[in-house]
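Summary of structural features
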Amino acid sequence: WLKSAFLVPWRKQPARYSYVPSRVRSKKQASAPSLSCPLPEAPARKVMFSLNLGNTPNEVTDAQLEELGRKTEGLSGADISILVRDALMAPIRKCQGATHFKKITVLRDGAQTEVYTPCPKRDPAAEERSLYDLPSGMLEPPKITFDDLDEACKSVRPSVGPEDITRQKEWTAQYGMEG
């Protein structure tokens, strides 16, 4: 039985059994060790970016994922998930704010299809249109880019502060990982 996993183990007692009915608790469960999870390191954060992107069309390279892993020190897995979700909205925002679109050919259902994608005004193939002028099903949103993720990094703040990390280290030094 895994009872709980805490980022802040010193708070475990009040919530320890909040979801376990009193008739189910036993002395064996009460003495089972809790689990303390430190913040992920750069390689783990890189993997989290990749997992959160999933199979969403993107132009992010492995080297760029490594860079994101390095520059997001102090973010938890939940923070990275929020960051990626924010970046996943970037193509929608680009389409909504676009004043010009161009026709491109894509492969859909095994057939080549002409669709529209947002583009800069200076693009030679640009047509002045709004998103709402496009025929239904004729939009090809842009792929997620490193810049989308990098921009999202600016808006996501760590949910774990330096004082939490200091307290975690003090608690671990005093009680060990099992408390």
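Residues numbered from 1 in each chain as written. Predicted model: local features only at pLDDT ≥ 70, side-chain atom pairs only at ≥ 80, totals over all residues. Heavy atoms only, no water.

Further remarks concern the overall build of the chain. When helices and strands are tallied, the chain shows eight helices and five strands. In sequence order, the secondary structure elements of the chain are arranged as β-α-α-β-α-α-α-α-β-β-β-α-α. In the chain, which comprises 179 residues, the share counted as buried stands at 33%. A separation threshold of at least 6 residues defines the contact pool for the chain, and within that pool the share at least 24 residues apart is 66%. As displayed, the chain has an accessible area near 11,600 Å², and 54% of this comes from carbon and sulfur atoms. (Helix = DSSP H or I, 4+ residues; strand = E, 2+ residues; numbered from the N terminus. Buried < 20%, exposed > 50% of the residue type's maximum accessible area, 1.4 Å probe, protein only. Contact = heavy atoms within 4.5 Å. Areas by Shrake-Rupley, 256 points an atom, 1.4 Å probe, with all protein chains shown as cover.)

A few words now on the sheet that holds strand β4 (residues 111-118). With respect to topology, three strands assemble into an open sheet ordered β4-β3-β5, the strand pairing being antiparallel. Strand pairing shows two members of the sheet lacking a second neighbour, β4 and β5 (127-128), which therefore form its edges. Of the pairings in the sheet, the one linking strand β3 (residues 100-108) to β5 comprises two bridges and is antiparallel in character. Of the residues in β5, the one forming a bridge with Phe101 is Glu127. (Pairing = 2+ DSSP bridges.)

Residues of helix α7 (residues 146-155) that are buried include every one of Phe146, Asp148, Leu149, Asp150, Ala152 and Cys153, and no others. Contact partners of the buried residues in α7: α3 (42-53), α4 (62-71), α5 (77-88) and α6 (90-97).

Quick look at the side chain of Arg45 now. With respect to the helices and strands, the residue Arg45 is situated in helix α3. The buried category is assigned to Arg45, whose relative accessible area is 2%. Separated by 3.2 Å, the side chains of Arg45 and Thr72 make a polar contact. (Polar contact = N/O pair within 3.5 Å; in protein donor to acceptor, adjacent residues only side chain to side chain.)

Two elements in contact, α5 and α6, have axes separated by 4 Å at closest approach and are oriented at 25°. By the criterion of interaxial angle, the relationship of α5 to α6 is roughly parallel. Across the interface between the two elements, Asp86, Ala87 and Leu88 from α5 touch Ala90, Pro91 and Arg93 from α6. When grouped by side-chain class, the residues that make up the contact of α5 with α6 number four nonpolar, no polar and two charged. (Axes fitted to C-alpha atoms, helices over the stretch in contact; angles between N-to-C directions. Parallel < 35°, antiparallel > 145°, perpendicular 65-115°, else oblique. Nonpolar A, V, L, I, M, F, W, Y, C, P; charged D, E, K, R; others polar.)

This brings us to unusual backbone geometry. With a phi angle near 55°, Asp109 is a residue other than glycine that sits in the positive phi range. Looking at where Asp109 falls in the secondary structure, it is placed in the loop between β3 and β4. For Asp109, a relative accessible area of 84% puts it in the exposed group.

This paragraph deals with the environment of Asp62. One can find Asp62 in helix α4. Its relative accessible area of 45% is what places Asp62 among the partly exposed residues.

For the chain, the mean per-residue pLDDT works out to 83, and 78% of the residues sit at or above 70. Residue range residues 1-6 is modelled with pLDDT below 50. Its contacts to residues more than four positions away, or to other chains, number 19 contacts. Low pLDDT, under 50, characterises residues 13-34; the predicted model gives this stretch 24 contacts beyond four residues in sequence or across chains. (pLDDT = per-residue confidence, 0-100.)

Moving on, we get to the pairing of β4. For β3 and β4, the ladder comprises eight bridges, and the chain directions are antiparallel. Its bridge partner lying in β4, Leu107 is registered against Gln112. The turn joining β3 and β4, which pair antiparallel and follow one another in sequence, is formed by two residues; a positive phi near 55° is taken by Asp109.

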